[in-house]
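Summary of structural features
Spelled out, the chains give:
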Amino acid sequence: MIRVLFLFACRIAPVALLATGVFVAAPVWAQTAKKGPSVTAGDNGTIPKKDTAAETAPASTGGETPVKADEAKKDEDKPADGPSTGLSVLDRMGADLPALPAEKPFTGKVDEAFGAFQRGRYLTAMELALPRAQLGDPAAQTLVAEILDRGLGVRRNREQAMFWYGQSANGGDPTGMFKYAILLMERSRSKEDRAKADELMKKSADLGNASAQFNYGQVLVADSPGEKGLAAALPYYEKSAEQGIADAQYAVSQIYLNLKGLPEEKTKRAREWLLRAARAGYDTAQLDLGIWLVNGTGGERDYDAGFKWLKRAADGGNPVAQSKLAQLYIHALGTKPDPIQAAKWFVLARRAGLNDPLLEDFYLGLNEDQQKAAVDAANKYRSGS
């Protein structure tokens, strides 16, 4: 949702983060975010081969190495990602689970209009919210504007939506301020409207709106490119990231890793923020996290985890991740060597418009049967069969 809204702020351009080749998300950048930045692991743009002396386990001399039962059970119980889902102590004891604590009674005022909106009863929501909006209720004005802006149950009317967002913003509603600022950025190129939009975005951000916090950080970066702008924007990115905005989490990870002069406790958390953005489904974060894990950026190397994150981004259609994944299959990093799989992912990335000369040479070095098998695998993958 947030990246869609960035398209409205056409005047904000991507800002490079030092020498990493990674971009902090910006409104125009949002249209190309799915491809992700080309973050390389070596000077030649490829992921380096694994140091076999240090990273490769000794070969088995007689079949697979036996695994102890306790170790196998431990690995089986360990989740691939996230907290443990195993039995609790009470389950192991055969005891009944304790009763859930009683819910505290809600003593606030029920917003029936917003409740109807959440249940998809948009006409009812409009009927309930409009009288309140006409009496000056900022929250109701925002709700009416949202229904009109999206055409939910009524004919879409951007002019009326803008009017009600403006009324809501004047009434002090943070969401109304944010939405009105976005519409001003989208629909007007005058300096006066741009200044008004920036002012409203800052007010909304300072009142705690997570989307406004991220977008105002973007404004600061655009207005002051370089380290100065990034330093000014960082507090807003951090607040937005804490509230779960994946774009902000990604931005924080890049700034923590690259901006000079930050305290060590922040630089050490760069990978943590990148992981949060990756878990939220942000494919560019998944791509970067995979490369960071393979390269040992921001922490220790972990080829297996790096392979999994690059595979997730590649499965999501990120062509850069597909190209990097092909390299992992070639060099057996986090997976077994597989020339057919490597060629398959190269073919998929090339079809998406991303060609790598080194992978091209690798592909041309395969025999005819291997090339055919790779193309067939790519076709089956694209068709979902």
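Nothing here was measured: the structure is a model prediction, and the numbers come from that model.

Cut-off values and rules
Residues numbered from 1 in each chain as written. Predicted model: local features only at pLDDT ≥ 70, side-chain atom pairs only at ≥ 80, totals over all residues. Heavy atoms only, no water. Salt bridge = Lys/Arg side-chain N within 4 Å of Asp/Glu carboxyl O. Helix = DSSP H or I, 4+ residues; strand = E, 2+ residues; numbered from the N terminus. Expected span 1.5 Å × (residues − 1). Buried < 20%, exposed > 50% of the residue type's maximum accessible area, 1.4 Å probe, protein only. pLDDT = per-residue confidence, 0-100. Contact = heavy atoms within 4.5 Å. Axes fitted to C-alpha atoms, helices over the stretch in contact; angles between N-to-C directions. Parallel < 35°, antiparallel > 145°, perpendicular 65-115°, else oblique. Left-handed = near helix turned anticlockwise from the far one by under 90°. Polar contact = N/O pair within 3.5 Å; in protein donor to acceptor, adjacent residues only side chain to side chain. Phe/Tyr/Trp six-rings, centres within 6.5 Å; stacked < 30°, edge-to-face > 60°.

Scanning the entire structure with this criterion turns up 16 salt bridges. We note a salt bridge from Arg158 to Asp149, for which the minimum N-O separation is 2.4 Å. Between Arg158 and Glu186 there is a salt bridge, and its shortest N-O distance comes to 3.2 Å. Within this pair, whereas Arg158 is found in helix α8 (residues 158-170), its partner Glu186 is found in helix α9 (residues 174-187), the two being separated by 28 residues in sequence. A network of salt bridges, in which partner residues are shared, links Asp111, Arg132 and Asp137.

Quick look at α9 now. With 14 residues, α9 extends 20 Å from end C-alpha to end C-alpha; this agrees with the ideal 20 Å at 1.5 Å per step. Burial of α9 is extensive: 10 of the 14 residues sit out of reach of the surface. Among the residues of α9, Gly176, Met177, Phe178, Lys179, Tyr180, Ala181, Ile182, Leu183, Leu184 and Met185 are the ones counted as buried.

This brings us to helix α16 (residues 283-295). Its 13 residues place the ends of α16 18 Å apart at the C-alpha level, agreeing with the 18 Å of an ideal helix rising 1.5 Å per residue. Among the 13 residues in α16, 13 count as buried, and that is most of the element.

Averaged over all residues, the pLDDT of the chain equals 80, while 73% of them reach at least 70. Low pLDDT, under 50, characterises residues 51-69; the stretch is placed with 6 contacts to residues that sit more than four places away or in other chains. Below pLDDT 50 for its whole length, residues 71-80 participates in 2 contacts with residues either more than four positions away or in separate chains.

Our focus in this paragraph is the packing of α9 against helix α10 (residues 191-206). Running from amino to carboxyl end, α9 crosses α10 at an angle of 155°, the nearest separation of the two axes being 8 Å. By the angle class used here, α9 and α10 are roughly antiparallel. The two elements α9 and α10 meet at a crossing, and its hand is left-handed. Listed contacts from α10 to Pro174, Met177, Phe178, Tyr180, Ala181, Ile182, Leu184 and Met185 of α9 are Asp193, Lys196, Ala197, Asp198, Leu200, Met201, Lys203 and Ser204.

The backbone of Ala332 shows a phi angle near 55°, a positive value even though the residue is not glycine. Summarising the element assignment, Ala332 is placed in the loop between α18 (319-331) and α19 (339-351). Among the residues examined, Ala332 registers a relative accessible area of 22% and is labelled partly exposed.

Relative to the helices and strands, Arg271 resides in helix α15 (residues 270-279). The sequence separation of Arg271 and Leu293 amounts to 22 residues, and the corresponding C-alpha distance is 9.1 Å. Among all residues touching Arg271, those that are not within four sequence positions of it are Leu289, Trp292, Leu293, Gly296, Thr297, Gly298, Gly299 and Glu300. A distance of 3.1 Å separates a polar side-chain atom of Arg271 from the backbone oxygen of Glu300.

Moving on to the packing of aromatic side chains. Applying the stated rule across the entire model yields 9 aromatic pairs. When the ring of Tyr250 is compared with that of Tyr282, the centres are 5.4 Å apart and the planes differ by 65°; the resulting orientation is edge-to-face. Of the two residues, Tyr250 is situated in helix α13 (residues 246-258) and Tyr282 in the loop between α15 and α16; the sequence distance between them amounts to 32 residues. Each member of the pair, Tyr250 together with Tyr282, is buried. Here Phe346 and Tyr363 contribute two aromatic rings whose centre-to-centre distance is 5.6 Å and whose plane-to-plane angle is 45°, an arrangement assigned as tilted.

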